[in-house]
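Below are the chains, spelled out letter by letter.
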Amino acid sequence: MRWRVAILTASDRGAAGEREDTSAQVIRELMEEEIGAEIVEYRIVPDDQDEITAALIEITEYYRPDLILTTGGTGLGPRDVTPEATERVIERRVPGIPEAMRAGAMARTRAAMLSRGIAGIRGRTLIINLPGSPKGVQESLMAIMDQLPHALAVLTGRQTEHG
């Protein structure tokens with residue numbers, strides 16, 4: 001199965017063109033290599049709750065991806081608002097995904113406990129918040145990679161039974 005994936009980066013410096021978005025590059029590579037995904041949209045927005053919310057809604061409605069992976073804005077800083085923006089647009093939470101990501105990353109770095117990322121469903125799209133660093137993205141995604149295809153298959157109706 002070819003999964004349709006969108007990437008949304010929340011970064012003031014990235015949106016201003018002041019920083020290369022290496023975290024999104026890691027997401028793209030892992031999605032293409034590990035699950036054969038097609039990247040249908042990639043966007044950078046500032047760390048602004050309204051802009052993140054609007055981008056999530058637009059990407060979900062226009063591109064209809066199976067999965068949106070966000071990167072950035074999940075920490076404790078005053079402009080880290082990606083989880084709040086995501087909360088505005090999801091209909092149901094999927095708490096096990098961020099729990100597994102934090103647990104997997106904490107085996108390598110205790111700082112992973114400070115990530116506030118969430119996961120949830122809007123329509124038939126799974127939205128997962130990832131940290132902003134390339135290392136954090138890699139560790140978080142690898143902690144859930146084995147379950148992503150199954151989750152997407154059930155969510156999109158391509159698989160109706162749990163195996």
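Scroll up to find the structure this text is about.
As the structure is a prediction and not an experimental result, all values here were calculated from the model.

Draft legend 1. Focus on the packing of helix H2 (residues 22-35) against helix H6 (residues 134-144). Direction vectors running N to C along H2 and H6 enclose 30°, while the axes themselves pass 8 Å from each other. By the angle between their directions, the pair H2 and H6 is classed as roughly parallel. Once H2 is placed against H6, the crossing between them reads as right-handed. Contact residues: H2 offers Thr-22, Ser-23, Val-26, Ile-27, Leu-30, Met-31 and Glu-34, while H6 offers Pro-134, Val-137, Gln-138, Leu-141 and Met-142.

Draft legend 2. Representation of the nonpolar core in the model. Met-31, Leu-67, Leu-69, Leu-126, Ile-128 and Leu-141 are the most contacted members of the largest nonpolar core, which has 28 residues in total. Secondary structure elements with two or more residues in this core: strand E1 (4-10), H2, strand E3 (67-71), helix H5 (96-106), strand E5 (119-122), strand E6 (125-130), H6 and helix H7 (148-155). In terms of residue count, the dominant contributor to this core is H2 (6 residues). The next biggest cluster of nonpolar side chains, apart from the first, holds 16 residues, and it includes Ala-6, Ala-10, Ile-68 and Ala-85.

Draft legend 3. Highlighting a nonpolar patch on the surface. Residues Leu-76, Met-113 and Leu-114 make up a contiguous nonpolar surface patch of roughly 300 Å² in combined accessible area. For Leu-76, a relative accessible area of 60% corresponds to the exposed category.

Draft legend 4. Representation of the pairing of E6 within the structure. Of all 6 residues that make up E6, 6 are buried, and the element is covered over most of its length. A two-sided burial pattern is seen for E6, the buried positions comprising Thr-125, Ile-127 and Asn-129 on one face and Leu-126, Ile-128 and Leu-130 on the other. Across 4 bridges, the pairing between E5 and E6 is antiparallel. Bridge assignment links Gly-120 to a residue of E6, and that residue is Ile-127. Two successive antiparallel strands, E5 and E6, enclose a turn made up of 2 residues, where Gly-123 displays a positive phi of approximately 60°.

Conventions used here
Residues numbered from 1 in each chain as written. Predicted model: local features only at pLDDT ≥ 70, side-chain atom pairs only at ≥ 80, totals over all residues. Heavy atoms only, no water. Axes fitted to C-alpha atoms, helices over the stretch in contact; angles between N-to-C directions. Helix = DSSP H or I, 4+ residues; strand = E, 2+ residues; numbered from the N terminus. Parallel < 35°, antiparallel > 145°, perpendicular 65-115°, else oblique. Left-handed = near helix turned anticlockwise from the far one by under 90°. Contact = heavy atoms within 4.5 Å. Core = buried A, V, L, I, M, F, W, Y, C linked by side-chain atoms within 4.5 Å. Buried < 20%, exposed > 50% of the residue type's maximum accessible area, 1.4 Å probe, protein only. Patch = residues over 30% accessible without salt bridge, like charges linked within 9 Å, V, L, I, M, F, W, Y side chains within 5 Å. Areas by Shrake-Rupley, 256 points an atom, 1.4 Å probe, with all protein chains shown as cover. Salt bridge = Lys/Arg side-chain N within 4 Å of Asp/Glu carboxyl O. Pairing = 2+ DSSP bridges.

Remember that the coordinates give geometry; whether it matters functionally is a separate question.
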